[in-house]
Amino acid sequence: MNTAKLSGGLYTVKWEAIASDGDKTDGQWQFSVGAQAQAVPSVSITTPTMDAKFDKLPSDVTVSIKFSNFTLGQNNQHWQVFMDDELKLVAAVKDNSTTTTLKNVGQGEHLIKVVLLSGSNVVATDSTHVQVGAEAAEKSPGTMPKTGADNTGDLGWAALLAVEGVALLVIARLLRRVMA
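These remarks concern the structure in this document. Computed from a prediction, not measured in an experiment: that's the story for all the values here. (Residues numbered from 1 in each chain as written. Predicted model: local features only at pLDDT ≥ 70, side-chain atom pairs only at ≥ 80, totals over all residues. Heavy atoms only, no water.)

Glancing now at the pattern of salt bridges. Scanning all chains against the criterion turns up one salt bridge. Between Asp60 and Lys103 there is a salt bridge, with the nearest N and O atoms lying 3.7 Å from each other. You can see Asp60 sitting in strand S5 (residues 59–68) and its partner Lys103 sitting in strand S8 (residues 99–105), a full 43 residues away along the chain. You can call Asp60 partly exposed: its relative accessible area is 40%. (Salt bridge = Lys/Arg side-chain N within 4 Å of Asp/Glu carboxyl O. Helix = DSSP H or I, 4+ residues; strand = E, 2+ residues; numbered from the N terminus. Buried < 20%, exposed > 50% of the residue type's maximum accessible area, 1.4 Å probe, protein only.)

Take a look at the structure:
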């Protein structure tokens, strides 16, 4: 970027990225041109920590933040909490509190995003992921039965299907010779 073509002042660069698996992340940073840089507001989520797990269903999830260069509760400066990829607003904290509780969060992996606002302008963001309840078990297609005496029924069915498959293959080859 050629900063010589920019007029003096403080600039904010906001960015957003979407990973190949669909997860979204965003942020911002500031720089100044020909002016002394001002203190930039920042926010970080202190709880829950990244990839925290909550066993109880549903769970109450407490969100706590720390921030700098920002005054909560004054001049319409506040923070909000959004959840999941559609970024549904789940809490708006207008006073000087640094903690809020999300009630009855359902099972699954959830994205929690915190946004500091001055009026309606976003000045800082942070996000984390939490797991509520057990993670969904991934089923692998075509899982073979275990071997051993306790799985003889499963092995019997597998053997029967294999024999039927071979028989169908033999019949198909015979029909192809007859038709030729």
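The element strand S6 (residues 77–83) is extensively covered by neighbouring structure, given that seven of its seven residues are classed as buried. The pairing of S6 with strand S9 (residues 108–118) spans seven bridges and is classified as antiparallel. Within S9, the position partnered with Trp79 by the bridge is Leu116. With five bridges connecting them, S6 and strand S7 (residues 88–93) associate as antiparallel partners. Residue Val81 lies in a different strand from S7, and its bridge partner there is Ala91. Hairpin remark: S6 followed by S7, antiparallel, with four residues in the connecting loop; positive phi at Asp84, about 65 degrees. (Pairing = 2+ DSSP bridges.)

Another aspect to go through is the packing of aromatic side chains. A full pass over the atoms with the stated rule returns one aromatic pair. Relative to Phe70, the ring of Phe67 lies with its centre 6.3 Å away and its plane at 85 degrees, an arrangement referred to as edge-to-face. (Phe/Tyr/Trp six-rings, centres within 6.5 Å; stacked < 30°, edge-to-face > 60°.)

Judged by pairing direction, the sheet is antiparallel, and its three strands sit side by side in the order S3-S5-S8 without closing on themselves. Edge positions in the sheet fall to strand S3 (42–47) and S8, since each of these pairs with one other strand and no more. Here the strands of the sheet are splayed against their neighbours by 30 degrees on average, with no regard to which way each runs. Where S3 lies against S5, five bridges are found, and the strand directions are antiparallel. In the strand pairing of S5, Val43 is matched with Phe67. (Axes fitted to C-alpha atoms, helices over the stretch in contact; angles between N-to-C directions.)

Our focus in this paragraph is the environment of Ser120. Note on placement: Ser120 falls in the loop between S9 and strand S10 (121–132). Along the chain, Ser120 and Gln77 lie 43 residues apart, while their C-alpha atoms are 8.9 Å from each other.

Residue Pro48 follows Thr47 across a cis peptide bond; omega there is 0 degrees. By the secondary structure assignment, Pro48 is in the loop between S3 and strand S4 (52–54). Cis geometry is found at the peptide bond from Leu57 to Pro58, where omega equals -25 degrees. Within the fold, Pro58 resides in the loop between S4 and S5. The phi angle at Asn75 is positive, at roughly 50 degrees, despite the residue not being glycine. Structurally, the position occupied by Asn75 is in the loop between S5 and S6.

Further remarks concern the nonpolar core. Grouped together as the largest cluster of nonpolar side chains are 22 residues, with contacts concentrated most on Val63, Trp79, Val81, Leu102, Ile112, Val114 and Leu116. Elements represented by at least two residues in this core include exactly S3, S5, S6, S7, S8, S9 and S10. (Core = buried A, V, L, I, M, F, W, Y, C linked by side-chain atoms within 4.5 Å.)

Take Val115: it is sitting in strand S9. On the basis of relative accessible area, Val115 is assigned to the buried category, the value being 6%. Note: C-alpha distance between Val115 and Ser127 (12 residues apart in sequence) is 8.8 Å. Filtering out sequence-adjacent residues up to four positions away, Val115 remains in contact with His78, Trp79, Gln80, Phe82, Val122, Ala124 and Thr125. (Contact = heavy atoms within 4.5 Å.)

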